[in-house]
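So you can see what is in the structure, the chains are spelled out below.
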Amino acid sequence: MYPLGQKENLVPGSDMAGEVVALGAEVRGWAVGERVSANFSTDHIAGDVTEEIKATGLGAPIDGVLTEYKVLPAHVSRSSR
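Below or above, wherever it landed, is the structure these notes cover.

About the cut-offs
- Residues numbered from 1 in each chain as written.
- Predicted model: local features only at pLDDT ≥ 70, side-chain atom pairs only at ≥ 80, totals over all residues.
- Heavy atoms only, no water.
- Helix = DSSP H or I, 4+ residues; strand = E, 2+ residues; numbered from the N terminus.
- Polar contact = N/O pair within 3.5 Å; in protein donor to acceptor, adjacent residues only side chain to side chain.
- Buried < 20%, exposed > 50% of the residue type's maximum accessible area, 1.4 Å probe, protein only.
- Pairing = 2+ DSSP bridges.
- Salt bridge = Lys/Arg side-chain N within 4 Å of Asp/Glu carboxyl O.
- Contact = heavy atoms within 4.5 Å.
- 1 Å grid on protein atoms, 1.4 Å probe; cavity = no way out; pocket = protein on both sides within 12 Å on 5 of 7 lines; lining within 4 Å.
- Points joined across faces, edges and corners; volume = space filled by probe spheres on them.

## Focus on the environment of Glu-34
Next, step 1: Take Glu-34: it is sitting in the loop between strand 1 (17-19) and strand 2 (35-38).
Next, step 2: C-alpha separation for the pair Glu-34 and Val-20, spaced 14 residues apart in sequence, amounts to 5.4 Å.
Next, step 3: Side-chain polar atoms of Glu-34 contact the backbone nitrogen of Ala-31, separated by 2.8 Å.

Following this line, the structure appears as structure tokens:
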């Protein structure tokens, strides 16, 4: 039992590293082929963790990263450059 709750039929996993294989039309600052890793909570950039941020935790309230491909907002990933 995960203490923050989880959705039904969850795809687990919150830690990932990968490579950009495609970009949305409006994404800037990223390139196909770049190596990236994702933040645990898709909306936690800095500061205190709020209830809204907790609701964006990969692998609990929203599907995680144990998939072949994962679509994430551009602000979630960090480049390894």
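## Quick look at the pairing of strand 2
Next, step 1: Residue alternation in strand 2 divides its side chains into a buried set, Val-36 and Ala-38, and an unburied set, Arg-35 and Ser-37.
Next, step 2: Where strand 1 and strand 2 come together, three bridges link them in antiparallel fashion. Residue pairing for strand 2: Ala-17 is matched across the bridge by Ser-37.

## Brief notes about the pattern of salt bridges
Next, step 1: The full count for this structure, using the stated rule, is two salt bridges.
Next, step 2: In this structure, Lys-7 and Asp-63 form a salt bridge, with 3.4 Å as the shortest nitrogen-oxygen distance. In this pair, Lys-7 is assigned in the segment before strand 1 and Asp-63 in the loop between helix 1 (51-54) and strand 3 (77-79), connecting sequence segments 56 residues apart.
Next, step 3: Asp-63 gets classed as partly exposed once you look at its relative accessible area, which sits at 24%.
Next, step 4: As a salt-bridge pair, Lys-54 and Glu-51 come within 3.2 Å of each other at their nearest N and O atoms. Of the two residues, Lys-54 and Glu-51 are both situated in helix 1; the distance of three residues between them amounts to about one turn of the helix.
Next, step 5: Accessibility expressed as a relative area gives 31% for Lys-54, which makes it partly exposed.

## So, the environment of Leu-72
Next, step 1: Residue placement: Leu-72 occurs in the loop between helix 1 and strand 3.
Next, step 2: Distance in space between the C-alpha atoms of Leu-72 and Ala-38 is 8.4 Å, their sequence separation being 34 residues.
Next, step 3: Among all residues touching Leu-72, those that are not within four sequence positions of it are Met-16, Ala-38, Thr-42, Leu-58 and Ser-77.

## Describing the layout of surface pockets
If a probe the size of a water molecule is rolled over the atoms, the empty space left behind becomes visible.
Next, step 1: Here the largest pocket is characterised by a volume of approximately 560 Å³.
Next, step 2: In terms of lining residues, the largest pocket is bounded by 22 residues, among which Glu-19, Val-20, Lys-70, Val-71 and Leu-72 are the most central.
Next, step 3: Tallying contributions element by element places strand 1 first for the lining of the largest pocket, with three residues.

## Details of the side chain of Ser-14
Next, step 1: Along the chain, Ser-14 falls in the segment before strand 1.
Next, step 2: Ser-14 has contacts with Phe-40, Leu-58 and Val-65, leaving out every residue within four places of it along the chain.

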